Amino acid sequence: MDTQCVSCSGTLQIAADSYEGEIVGCPGCATELEILSKDPLKLVIAPEPEEDWGE
């Protein structure tokens, strides 16, 4: 399914077999997006992984 990137508004294709929580990349701006829900489709910018600094 086609949707828009929440960062650059470019066209983004989401595969039919994608799932909630999956991280997808925008081909236009390379932003990583997380699928929050599939019905209705909702994307957000994926959180950056935090470093644990060896703890």
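Shown above is the structure to which this text applies.
Residues numbered from 1 in each chain as written. Predicted model: local features only at pLDDT ≥ 70, side-chain atom pairs only at ≥ 80, totals over all residues. Heavy atoms only, no water.

Q: Looking at this structure, I do not really get the pairing of strand β4 (residues 32–38). What am I missing?
A: In this sheet, β4 lies alongside strand β3 (residues 23–25) in antiparallel orientation, the contact comprising three bridges. When the sheet's bridge partners are listed, V24 is paired in β4 with L33. Two successive antiparallel strands, β3 and β4, enclose a turn made up of six residues, where A30 displays a positive phi of approximately 70°. Across five bridges, β4 lies against strand β5 (residues 41–45) in antiparallel orientation. Across the sheet, residue K38 finds its bridge partner in β5, namely L41. What sits between the antiparallel neighbours β4 and β5 is a turn of two residues. (Pairing = 2+ DSSP bridges. Helix = DSSP H or I, 4+ residues; strand = E, 2+ residues; numbered from the N terminus.)

Q: How do you make sense of the sheet that holds β5 when you look at a structure like this?
A: Adjacent strands of a sheet form backbone hydrogen bonds with each other and so pair up, either parallel or antiparallel. Overall, antiparallel pairing links the three strands, which are arranged β3-β4-β5 in an open sheet. The open sheet has two free edges, formed respectively by β3 and β5, since each of these has just one partner strand. Averaged over all neighbouring strand pairs, the angle between strand axes comes to 40°, with direction disregarded. (Axes fitted to C-alpha atoms, helices over the stretch in contact; angles between N-to-C directions.)

Q: What is the right way to read unusual backbone geometry from this model?
A: Residues other than glycine predominantly adopt negative phi, and peptide bonds predominantly adopt the trans conformation. Omega for the peptide link from D39 to P40 comes to 0°, which places this bond in the cis form. Of note, the phi angle at S9 is positive, near 65°, even though the residue is not glycine. With respect to the element layout, S9 can be found in the loop between β1 (2–4) and β2 (11–13). S9 sits in the partly exposed class, given a relative accessible area of 47%. Although it is not a glycine, A30 sits at a positive phi angle of roughly 70°. Considering the arrangement of structural elements, one finds A30 in the loop between β3 and β4. (Buried < 20%, exposed > 50% of the residue type's maximum accessible area, 1.4 Å probe, protein only.)

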